[in-house]
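# An overview of the molecular structure
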Amino acid sequence: LGGPMFQANNQYLRYRAEDVGLISGAQDRGWSTLQLVRALMLLPGGIAVGFFAGRRAAGIFAVVLLGCFAITCGSIGWASSVGMLFLSSACFEMVRQLMRWSQTGYLSEHMPARLRSCAIGCSVTCSGLGATSFGFLTNQYMNPSDPSFNSAAPFWLAAGIGAIGATGLYFFNRNFPIRETTAP
């Protein structure tokens, strides 16, 4: 259920930036700087991946990661100033790196060798389906061309979906601990 959060940021961040004043018509008032900050945050995100990779982190790590992704996504929707949008987007991009790794590296650490490629393919496919479905449905019901469009709503919706996913994963992990039920 991380796909909708990826897609909300991909599809609606520009509209959020317009609402807080980073873009005015064709005038850039900080949009390109926001893009640079987002790219810069890939570095600490990559360092965090390097720290967690190869450690077969417990299942609660996946719960916390998805929960943090939901919180950072929701904070973009909550941002009402340029500074808040910059901070929220920076945090989101750092956690995004960990989420990308969780769909491949973290998953493969907990799968038997014979199932790793299949599990990674399934994980990425499900995330892609979630992102595509979210993008299509929100474009139908939260169209930026609509005068009543609220650019925060897609971020809050995606964060809610992520929070539901984190809650479900928490209960799943409590009943079937990820670290204990998977082969090395």
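Residues numbered from 1 in each chain as written. Predicted model: local features only at pLDDT ≥ 70, side-chain atom pairs only at ≥ 80, totals over all residues. Heavy atoms only, no water.

### Remarks on the overall build of the protein
- When its secondary structure is counted, the protein shows 8 helices and 2 strands.
- For the protein, the sequential pattern of α-helices and β-strands runs α-β-β-α-α-α-α-α-α-α.
- Relative to a compact globule of 184 residues, whose C-alpha radius of gyration would be 16 Å, the protein shows 17 Å and is just as compact.
- Overall, the protein is about 55 × 35 × 25 Å in size when its C-alpha atoms are taken along their principal axes.
- Among the 184 residues that make up the protein, the fraction classed as buried is 43%.
- Put simply, 77% of the contacts in the protein that link residues at least 6 apart link residues at least 24 apart.
- Carbon and sulfur atoms make up 66% of the accessible area of the protein, which totals about 9500 Å².
- Considering the protein, the positive charge centre built from 12 side chains and the negative charge centre built from 7 side chains are found 11 Å apart. (Helix = DSSP H or I, 4+ residues; strand = E, 2+ residues; numbered from the N terminus. Rg over C-alpha atoms; globule rule 2.2 N^0.38 Å. Buried < 20%, exposed > 50% of the residue type's maximum accessible area, 1.4 Å probe, protein only. Contact = heavy atoms within 4.5 Å. Areas by Shrake-Rupley, 256 points an atom, 1.4 Å probe, with all protein chains shown as cover. Lys, Arg positive; Asp, Glu negative; His and termini not counted. Charge placed at Lys NZ, Arg CZ, Asp CG, Glu CD.)

### Here we look at a nonpolar patch on the surface
- Judged by side-chain polarity, Ile 60, Val 64, Tyr 170 and Phe 171 come together as a nonpolar surface patch covering roughly 360 Å² of accessible area.
- For the nonpolar patch, the secondary-structure elements that each account for two or more residues are helix 4 (59-78) and helix 7 (153-175). (Patch = residues over 30% accessible without salt bridge, like charges linked within 9 Å, V, L, I, M, F, W, Y side chains within 5 Å. Salt bridge = Lys/Arg side-chain N within 4 Å of Asp/Glu carboxyl O.)

### Brief notes about the side chain of Gln 97
- Residue placement: Gln 97 occurs in helix 5 (residues 82-109).
- Gln 97 has contacts with Leu 42, Gly 45, Gly 46 and Val 49, leaving out every residue within four places of it along the chain.

### Topic: the pattern of salt bridges
- One pass over the full model with this rule turns up 4 salt bridges.
- Notably, a salt bridge pairs Glu 93 with Arg 96, separated by 3.8 Å at the nearest N-O pair. Of this pair, Glu 93 and Arg 96 both sit in helix 5, separated by 3 residues, roughly a single helical turn.
- On the accessibility criterion, Glu 93 (4% relative accessible area) is buried.

### Some details on the confidence of the model for the protein
- Summary statistics for the protein give a mean pLDDT of 91 and a share of 97% for residues scoring 70 or more.
- Mean pLDDT across the elements of the protein bottoms out in helix 8 (residues 178-181) (67) and peaks in helix 2 (residues 31-40) (96). (pLDDT = per-residue confidence, 0-100.)

### Digging into the packing of helix 5 against helix 6 (residues 116-141)
- As a packed pair, helix 5 and helix 6 sit with axes 9 Å apart at the nearest point and diverge in direction by 145°. For the element pair helix 5 and helix 6, the recorded crossing hand is right-handed. Residues Gln 103, Thr 104, Leu 107 and Ser 108 of helix 5 lie in contact with helix 6, whose contacting residues are Arg 116, Ala 119, Ile 120, Ser 123, Val 124 and Ser 127. (Axes fitted to C-alpha atoms, helices over the stretch in contact; angles between N-to-C directions. Left-handed = near helix turned anticlockwise from the far one by under 90°.)

### What about the nonpolar core?
- The biggest cluster of nonpolar side chains holds 37 residues, and the ones touching the most others in it are Met 5, Cys 73 and Leu 85.
- Within the residue set of this core, elements represented by two or more residues are helix 1 (3-20), helix 3 (42-52), helix 4, helix 5 and helix 7.
- The residues touching Cys 73, leaving out its near neighbours within four places in the chain, are Met 5, Ala 8, Phe 92, Phe 155, Ala 158 and Ala 159. (Core = buried A, V, L, I, M, F, W, Y, C linked by side-chain atoms within 4.5 Å.)

### Here's the deal with the environment of Gly 165
- With respect to the secondary-structure elements, Gly 165 resides in helix 7.
- According to the relative accessible area criterion, Gly 165 is buried, its value standing at 12%.
- In this structure the C-alpha to C-alpha distance between Gly 165 and Val 95, which are 70 residues apart in sequence, comes to 16 Å.
- Here Gly 165 is in contact with Leu 1 and Leu 66, once residues within four sequence places are set aside.

### Notes on the packing of aromatic side chains
- Under the criterion given, the structure shown has 12 aromatic pairs.
- Taking the centre distance of 5.4 Å and the plane angle of 40° together, the rings of Phe 172 and Phe 176 count as tilted.
- Relative accessible area serves as the criterion here: at 44%, Phe 172 is assigned to the partly exposed category.
- Its relative accessible area of 47% is what places Phe 176 among the partly exposed residues.
- One aromatic cluster is present, built from ring pairs that chain together Phe 51, Phe 52, Phe 61, Trp 101 and Tyr 106.
- It is Arg 55 that lies over the ring of Phe 51; its NZ or CZ is 4.8 Å from the centre. (Phe/Tyr/Trp six-rings, centres within 6.5 Å; stacked < 30°, edge-to-face > 60°. Lys NZ or Arg CZ within 6 Å of the ring centre and 35° of its normal.)

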